[in-house]
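# Survey of secondary and tertiary structure
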Amino acid sequence: MTPLCHALDHFEPALQLEEALRKTAAPSPWPGLTDAAKRAKAIELARENGLFERLTRFLAGDDRPQEYGTVLSRSHPIPHLGWDTIRATRQTGARRDMDLLSNASNRCELESLALWLDHPEADAARLEETLWTVCDFHSWMGEESSKLQPADLQSTRMGTVLAEILLAVGDRLDPEVVHRVGQKIEERTLAAALDWRNLPIWMCRRNNWNHVCFSNVIQTALHRMHEPRPLASLLVLCTHMMEFGMTGFTEDGGCAEGPVYWNYGFGHFLEAAVVLREVSGGLLNLMDSELAQRIARYPLAAWFEGSNCCLFSDTGNTFIYTSAALMINTVLPMPQLFDFCRKGPDGRPQLQSWRDLLLAVDSSAWRESAKREPGAISDTHLPALGFAKLVTTTADGTRVQVAATALHNAAPHNHNDLGSFIYYREGKAWITDPGKPTYTADVFGPNRYDILLCGSQGHPVPVINGHLQQEGAQYRASLAIDPAAADGSKSLRIDLSRAYPDPTLTRFERTLTLRPDGDLEIADRKSTRLNSSH
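Residues numbered from 1 in each chain as written. Predicted model: local features only at pLDDT ≥ 70, side-chain atom pairs only at ≥ 80, totals over all residues. Heavy atoms only, no water.

Time to look at helix 15 (residues 322-329). Of all 8 residues in helix 15, 8 are buried, a share of seventy percent or more. Considered for burial, the residues of helix 15 that qualify are Thr322, Ser323, Ala324, Ala325, Leu326, Met327, Ile328 and Asn329. Where helix 15 is buried, its residues touch helix 12 (259-279), helix 13 (290-296), helix 16 (354-361) and helix 17 (364-368). (Buried < 20%, exposed > 50% of the residue type's maximum accessible area, 1.4 Å probe, protein only. Helix = DSSP H or I, 4+ residues; strand = E, 2+ residues; numbered from the N terminus. Contact = heavy atoms within 4.5 Å.)

Following this line, the structure appears as C-alpha cells:
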C-alpha cells in the first residue's frame, strides 16, 4: 500500500506524533478558525465574494437551492428523522433519510457560519434549536448502512460539522446545548466508529467511504480528544487505515468512481491532510505521497470546462469544490484547478464555508484566479484507469475534446460502458455518456444493469449479435492513443474484443478520430468466427 506515514519513526510513530502534538499545540485543527485577525479578513472576503448575500437570502427564508445542496430555509423547521422517514426509505430505497441528514448538516453549517461572520441576521437561539433538533434525531446514520455497521458517511460527517461548530461559536451558545451536542458527538461518531466489538466495514474498503469516514473520525477526534498520547495513537491508526482508500485509485491517479466521488472522497482526504499537517507542525503531511499528488491532478483529465466533466460511472456534471482546489494549492501549485470551480460575483471561485474563507485569506492563487487566462488543456492518457482524452483547437479558436473509457466492468460504481465516449465542443457535449442515475434501492440491487443509465443499452456502444455488455472483471477493454497523423488528426483505438459475452466474437475495435477542424469520425470493426464486418 501507499505509505502515508513515511515521515514518522518506523518503530515508535505514535510517540513521535505525540511529541509533535505537544510541541505544536495548535489552537484549532482547521488553520485560523479561532484566530480573530483571520476571521476579520474572512468577513471581508465573504462580502466581496457574495457569501454574505447568499447567507442573507437563506436567513430571510429563501428556499432556492443553495450550492451546498438543497437546504430548507430557516423559515421551515427541520423535519424529524423518525419512523415515517425510515419506513419510506425501506419501502422505496429513495434515501429520504440521507437527504434529511444532509439537509440538517448543511443547515447547521449555514446558521453557524452566519454567526461566525457576525451577519446581522444571525440568530444564536435559532442555531441552538437546530442543534437540539439534530440531537433528537433517532440516528445520524442512513437506514441501509445502519443494518451493516455502527457508523457511516452521514454520522461521521455530522460529528465533524458539530464539533467544529462548538469550537467556532460554542462560546455564543447556551452551555447546556454545547454539553448535549458534545455528548452526542462522542456517542454517535467516535464511540460508534471505534467500537472494537463492531468495527465498521468501511475501515478496509477501497472506495470513497474509507477516506470520508476516516477523515471525519480524525477531525472529530482532534476536537474532542485532548490528551496527546491516545490521540496520537488514534491518528496513526486512522492514517494507516486510509491507505486502503488510496488503493481504490489507479496508480496513475485515476478515480474509477468518477469526478463526483473524486470531489467527495478525495476532498475528505484533503481535509485530513490539512488538519494533520496543522496539528503536527508539518510532520505528518499526507500530500507527500506521490500517489496523492497524482490523484490531485486527476481533474485536469476528467473535466472539460466549468462544471462539465466526464460522466463515466455514477457521476454527473459538477464543479470542483473550491475547498479542494484551495487545499491542493496550499501544497501543489495548480491554479488551473480554479478554472473548474463555481465562480462568485467577483469572478473568483465561490467561497462557501469558513474553511474556504480561511484558506482563501492566504491564497495568492485564489486571489489572482479572476485575472488569469484559463489554463491549457492537453491530451491525456491514464492507462491504468482505461481513460484517454484528445484535444484540438480549430482554426477559429474553438476547443474540441473527446474522451473515452475502457477499463473493465467491475469498477466501483460501475456502469457497463466499455468503449463509451463523450464529444465536447462549444460548451456542451454533442455526444455524451448518460452519467449517474437517481439513486434508489434498485440502483444498488441485483437488477442494477436493467436500468438504462447503468447497462450498456443506455450508452453509446453497440449491441453485438444481440448481446449487451455484462458485469464482471472478465469483461474488459484497453485503449491507446495513436501518433498524430500528418494532417494533425488524432486517434484513440479501443480494443473491445473481451467486452461482450458473445462466443463468436473474435475481434472488436473502435477508433475515434478527432480531425483538425473538430469533426469526429467513429469507426467500429468486428470479426466473428462466421464473418467479418465494418
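This paragraph deals with the nonpolar core. Counting 126 residues, the largest nonpolar core has Trp116, Leu117, Leu162, Trp262, Phe266 and Leu357 as its most contacted members. Dropping the residues within four chain positions of it, Leu162 is found in contact with Cys108, Leu131, Val134, Trp140, Val181 and Ile185. Counting residues in each nonpolar core, the second largest holds 23 residues, with Leu492, Tyr500, Phe508 and Leu514 among its members. (Core = buried A, V, L, I, M, F, W, Y, C linked by side-chain atoms within 4.5 Å.)

What follows covers the sheet that holds strand 5 (residues 399-405). Taken together, the 5 strands give an open sheet; going across it, the order is 3-4-5-7-8, and neighbouring strands pair in antiparallel fashion. Unpaired on one side and paired on the other, strand 3 (380-382) and strand 8 (428-431) mark the two borders of the sheet. Shown here is a sheet whose adjacent strand axes are inclined to one another by a mean of 20 degrees, direction ignored. (Pairing = 2+ DSSP bridges. Axes fitted to C-alpha atoms, helices over the stretch in contact; angles between N-to-C directions.)

Our focus in this paragraph is the pattern of salt bridges. Counted by the stated rule, this structure contains 23 salt bridges. A salt bridge links Asp195 to Arg197; the shortest N-O distance between them is 3.0 Å. A salt bridge links Asp346 to Arg348; the shortest N-O distance between them is 2.9 Å. Several salt bridges converge on common partners, so that one network encompasses Glu18, Arg22, Glu227 and Arg229. (Salt bridge = Lys/Arg side-chain N within 4 Å of Asp/Glu carboxyl O.)

To continue, consider the environment of Ala163. As for its placement among the helices and strands, Ala163 is situated in helix 8 (residues 153-169). Residue class for Ala163 comes out buried when judged on its relative accessible area of 3%. Along the chain, Ala163 and Ala26 lie 137 residues apart, while their C-alpha atoms are 16 Å from each other. Residues in contact with Ala163, not counting those within four places in the same chain, are Ile185, His223 and Arg224.

Here the focus is the packing of helix 6 (residues 124-136) against helix 9 (residues 175-193). Where helix 6 meets helix 9, the closest approach of the two axes is 10 Å, and the angle between their N-to-C directions is 35 degrees. Handedness of the helix 6/helix 9 crossing: left-handed. Of helix 9, the residues touching helix 6 (which contributes Glu128, Leu131, Trp132, Val134, Cys135 and Asp136) are Glu176, Val177, Arg180, Val181, Lys184 and Arg188. For the contact of helix 6 with helix 9, the residue count by class is 6 nonpolar, no polar and 6 charged. (Left-handed = near helix turned anticlockwise from the far one by under 90°. Nonpolar A, V, L, I, M, F, W, Y, C, P; charged D, E, K, R; others polar.)

Positionally, Ser280 belongs in the loop between helix 12 and helix 13. Within the local environment of Ser280, its side chain forms a polar contact with the backbone oxygen of Leu276, the two atoms lying 2.6 Å apart. Polar side-chain contacts of Ser280 include one of 2.9 Å to the backbone nitrogen of Leu284. In contact with Ser280, not counting residues within four places along its chain, are Leu17, Ala20 and Thr24. (Polar contact = N/O pair within 3.5 Å; in protein donor to acceptor, adjacent residues only side chain to side chain.)

Another aspect to go through is the pairing of strand 9 (residues 472-481). As paired elements, strand 6 (residues 408-409) and strand 9 share 2 bridges and run antiparallel to each other. Within strand 9, the position partnered with His408 by the bridge is Arg476. In this sheet, strand 10 (residues 490-498) lies alongside strand 9 in antiparallel orientation, the contact comprising 5 bridges. Its bridge partner being in strand 10, Arg476 is matched across the sheet by Arg498.

For the pair helix 8 and helix 10 (residues 208-224), interaxial distance at closest approach is 8 Å and the crossing angle is 30 degrees. What the angle tells us is that helix 8 and helix 10 run roughly parallel. Seen from above, helix 8 lies across helix 10 with left-handed handedness. Here Leu153, Thr156, Arg157, Gly159, Thr160, Ala163, Glu164, Leu166 and Leu167 of helix 8 come into contact with helix 10, specifically with Asn208, Trp209, Val212, Cys213, Asn216, Val217, Gln219, Thr220, His223 and Arg224. Of the residues in the contact of helix 8 with helix 10, the class split is 8 nonpolar, 8 polar and 3 charged. (Parallel < 35°, antiparallel > 145°, perpendicular 65-115°, else oblique.)

Its identity as a non-glycine residue notwithstanding, Ala25 has a phi of 45 degrees, on the positive side. Judged by relative accessible area, which is 53%, Ala25 ranks as exposed. Its identity as a non-glycine residue notwithstanding, His413 has a phi of 55 degrees, on the positive side. Position of His413 relative to the elements: it lies in the loop between strand 6 and strand 7 (421-425). Taking the relative accessible area as the measure of exposure, His413 reaches 17% and is therefore buried.

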